[in-house]
Structure formats: structure tokens, C-alpha cells
Amino acid sequence: VQLQASGGGLVQPGGSLRLSCAASGSIFRINTMGWYRQAPGKRRELVAAITSGISTNYADSVKGRFVISRDNAKNTVYLQMNSLSPEDTAVYYCNAEHVSTTGVRGIYWGQGTQVTVSS
């Protein structure tokens, strides 16, 4: 299973960006998909996650500003980021929990996409 993230870039404070992450390969079933971020000198942290049943979970710092969604038919997860601030600057990584036909669970990560919020 491979994850390909896209949509990062440079945006001014108060602006918006939409990240996408598509899973491909030998996919049987994907459970939870999520977005994490890592700022320079800081640990990787969970930003938002969404289950296959569309239940969502957000970090307190992004509640009310970010929206996670997914298209199960496309095996794709999205992160709509609004009201961005410089504190949101980080490399954003997507991940997914995949279950194989034999029930083996694995966590897969995308390559990361840089989000920079600056004037």
C-alpha cells in the first residue's frame, strides 16, 4: 500500500489549503485514515483522524478550523485547513490503517507535504 500526499504550499495567515492523500496498491480494507504534522524541533502530532464509519477526531489546536473527510471509493483522505496561522507551519503526513485479506493490520505513511504559513 502506498500513500501519496499533495496540496501543501505557502499561504498567508488567515488563508486556506486543502491537502489530499490517496492510497494505492493491493488494498483490501482501509480503516482509520489520518493526518499528522511535525514542525521543526517538535514531535510529530496527530492533527485529525477519520474512521471508515466517518467518525472524526481533531487536535484541540485545529478544532473549528480544519475539516477531515474521506472518499472511500477513491481511498482518499482530505484535510481542509482554514484560518491558517504561522503555528500551523509543519510537514504534514497522512497515514492509513490497512487490513489485508488475511486480517493482517499495517500502518502506512505518506511522504509528507510542507505547509508554510507566512506573510
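Residues numbered from 1 in each chain as written. Predicted model: local features only at pLDDT ≥ 70, side-chain atom pairs only at ≥ 80, totals over all residues. Heavy atoms only, no water.

Moving on, we get to the pattern of salt bridges. In the structure shown here, the tally under the stated rule is five salt bridges. When the shortest N-O distance is used, the salt bridge between lysine 63 and aspartate 60 registers 3.1 Å. Taken together, the shared-partner salt bridges connect Arg37, Glu45, Arg65 and Asp88 into one network. (Salt bridge = Lys/Arg side-chain N within 4 Å of Asp/Glu carboxyl O.)

Time to look at the state of the cysteines. Tallied over the full model, the rule gives one disulfide. At a sulfur-sulfur separation of 2.0 Å, the disulfide partner of cysteine 21 is cysteine 94. Here cysteine 21 and cysteine 94 share a disulfide; its torsion about the S-S bond, 55°, makes the bridge right-handed. Here cysteine 21, found in strand β3 (residues 17-24), pairs with cysteine 94, found in strand β9 (residues 90-99); they are 73 residues apart in sequence, far enough to count as distant. A residue is classified by how much of its surface remains accessible, and cysteine 94, at 0% relative accessible area, is buried. (Disulfide = S-S within 2.5 Å. Helix = DSSP H or I, 4+ residues; strand = E, 2+ residues; numbered from the N terminus. Buried < 20%, exposed > 50% of the residue type's maximum accessible area, 1.4 Å probe, protein only.)

Moving on, we come to the packing of aromatic side chains. Inspection of every chain in the model, using the stated rule, returns one aromatic pair. Note that arginine 18 overlies the ring of tyrosine 78, its terminal NZ or CZ placed 4.1 Å from the centroid. Over the aromatic face of tryptophan 109 sits the side chain of arginine 44, whose NZ or CZ is 4.7 Å from the ring centroid. (Phe/Tyr/Trp six-rings, centres within 6.5 Å; stacked < 30°, edge-to-face > 60°. Lys NZ or Arg CZ within 6 Å of the ring centre and 35° of its normal.)

Okay, the nonpolar core next. If you look at the biggest cluster of nonpolar residues, it comprises 29 residues, and the most contacted ones within it are Trp35, Val47, Phe66, Ile68, Leu79, Met81 and Tyr92. Of all the secondary-structure elements, those providing two or more residues to this core are β1 (2-6), β3, β4 (29-38), β5 (45-50), β7 (66-71), β8 (76-81), β9 and β11 (113-117). (Core = buried A, V, L, I, M, F, W, Y, C linked by side-chain atoms within 4.5 Å.)

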